Amino acid sequence: MSEVTPGRYRHYKGNKYTVIGTARHSETLEEMVVYRQEYGEHGLWVRPKEMFLEMVKVDGQDVLRFQRLGSSSESIGESVTNIFDDLPQHLPKEVVQTLIQAADVRIERIISHGHASAPDSWYDQAQHEWVIVLKGAARLQFEDEMVEMKPGDFINIAAFRKHRVDWTTPHEPTIWLGVRYGGNRA
């Protein structure tokens, strides 16, 4: 494989990423791959194309650093047909699971269990995000306000509006449904 096409890839360590495209370094003209992580803060990353395509040794076997996955519109949560099914019992950190991904929208199930953002950590994402709490409760902090959320409460967070999770229920999972859409995906 010598070309990197936009779409979904799995890193050899297991995390999934969406390749946005390729670009050239302005000084060296080296070809770079631009991609977004499908977990955590969904950060934007860049890596030299040569490194993105290289083979690495894992347990004595040569494997691709990034393996191309199927269509970007495939359902990730095929085994989950009920939003409350297959909930992890012990969560060392918040879990974000992509249920559906298409060209400009991603629907996620987010599971928190007493989790909160680090005190100095803020989400500042390039896409808009609509979230609803389905179970449990949460408190979102914005630069100018605090928003309490209980089952049925939803909020639309504009792209680049800084926010963080201040608190989620510690005695039961907080189940969110998140829809990321539009915005500047570059």
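Residues numbered from 1 in each chain as written. Predicted model: local features only at pLDDT ≥ 70, side-chain atom pairs only at ≥ 80, totals over all residues. Heavy atoms only, no water.

Pairing is antiparallel across the open sheet formed by five strands, whose spatial order is S4-S3-S2-S1-S7. Each of the sheet's edge strands pairs with one partner strand only, and the pair in question is strand S4 (44-48) and strand S7 (66-68). With strand direction ignored, the average angle separating the axes of adjacent strands in the sheet is 40°. Where strand S1 (residues 7-11) and S7 come together, three bridges link them in antiparallel fashion. Bridge assignment links His 11 to a residue of S7, and that residue is Phe 66. (Pairing = 2+ DSSP bridges. Helix = DSSP H or I, 4+ residues; strand = E, 2+ residues; numbered from the N terminus. Axes fitted to C-alpha atoms, helices over the stretch in contact; angles between N-to-C directions.)

Within this structure, the stated rule accounts for eight aromatic pairs. Between Tyr 35 and Phe 66, the ring centres sit 5.4 Å apart and the planes meet at 65°, which makes this aromatic pair edge-to-face. Note that Tyr 35 is positioned in strand S3 (residues 31-37) and Phe 66 in strand S7, a separation of 31 residues in sequence. Each member of the pair, Tyr 35 as well as Phe 66, is classed as buried. Ring centres of Phe 52 and Phe 66 lie 4.0 Å apart, and the angle between their planes is 5°; on these two criteria the pair is classed as stacked. Pair noted here: Phe 52 is in helix H1 (residues 49-53) and Phe 66 is in strand S7, with a separation of 14 residues, a long-range link. Taking the relative accessible area as the measure of exposure, Phe 52 reaches 1% and is therefore buried. (Phe/Tyr/Trp six-rings, centres within 6.5 Å; stacked < 30°, edge-to-face > 60°. Buried < 20%, exposed > 50% of the residue type's maximum accessible area, 1.4 Å probe, protein only.)

A word on the sheet that holds strand S11 (residues 138-142). The pairing of strands in a sheet comes from backbone hydrogen bonds and takes either a parallel or an antiparallel form. Spatially, three strands are ordered S12-S11-S14 in an open sheet, and the strand pairing comes out antiparallel. Every other strand in the sheet has two partners, leaving strand S12 (146-149) and strand S14 (163-168) as the edge strands with one partner each. Each strand axis lies, on average, 20° off the axis of its neighbour in the sheet, ignoring direction. Bridge count between S11 and S14: five bridges; the pairing is antiparallel. Pairing of Gln 141 across the sheet is with Arg 164, part of S14.

Let's shift gears to the pairing of S1. Judged by how many residues are buried, S1 sits mostly within the fold: four of five residues are covered. Pairing of S1 with strand S2 (residues 16-24) involves four bridges; the strand directions are antiparallel. Across the sheet, Arg 8 pairs through a bridge with Thr 18, a residue of S2.

On to the side chain of Thr 174. Positionally, Thr 174 belongs in strand S15 (residues 174-181). Only 2.8 Å separates the side chain of Thr 174 from the side chain of Thr 169, close enough to count as a polar contact. Setting aside its immediate chain neighbours within four residues, Thr 174 contacts Ile 110, Ile 111, Ser 112, Val 133, Lys 135, Gly 136, Ala 137, Ala 138, Thr 168 and Thr 169. (Polar contact = N/O pair within 3.5 Å; in protein donor to acceptor, adjacent residues only side chain to side chain. Contact = heavy atoms within 4.5 Å.)

A general trend in soluble globular proteins is that nonpolar side chains are found buried together. In this structure, Leu 140, Phe 142, Met 149, Ile 155, Ile 157 and Trp 176 are the most contacted members of the largest nonpolar core, which totals 13 residues. Counting residues per element, the ones that place at least two in this core are strand S10 (128-135), S11, S12 and strand S13 (154-157). It is S11 that provides the largest number of residues to this core, a total of three residues. Those residues within four positions of Ile 157 in sequence are excluded, and the remaining contacts are His 128, Glu 129, Val 131, Leu 140, Phe 142 and His 163. Counting nine residues, the second-largest nonpolar core is a separate cluster that includes Val 4, Tyr 9, Val 19 and Phe 52. (Core = buried A, V, L, I, M, F, W, Y, C linked by side-chain atoms within 4.5 Å.)

We now examine the environment of Trp 176. By the element assignment, Trp 176 lies in strand S15. Along the sequence, Trp 176 and Lys 135 sit 41 residues apart, while their C-alpha atoms lie 7.3 Å from each other. The residues touching Trp 176, leaving out its near neighbours within four places in the chain, are Glu 94, Glu 108, Arg 109, Ile 110, Ser 112, Val 131, Ile 132, Val 133, Ala 138, Leu 140, Met 149 and Thr 168. Only 3.0 Å separates the side chain of Trp 176 from the side chain of Ser 112, close enough to count as a polar contact.

To continue, consider the environment of Tyr 17. Along the polypeptide, Tyr 17 turns up in strand S2. Since its relative accessible area comes to 10%, Tyr 17 is described here as buried. Counting along the chain gives 20 residues from Tyr 17 to Gln 37, while the straight-line C-alpha distance between them is 4.5 Å. Once you skip the residues sitting within four places of it in the chain, Tyr 17 turns out to touch Gly 7, Arg 8, Tyr 9, His 11, Tyr 35, Arg 36, Gln 37, Glu 38, Tyr 39 and Phe 66. Polar side-chain contacts of Tyr 17 include one of 2.8 Å to the side chain of Tyr 39.

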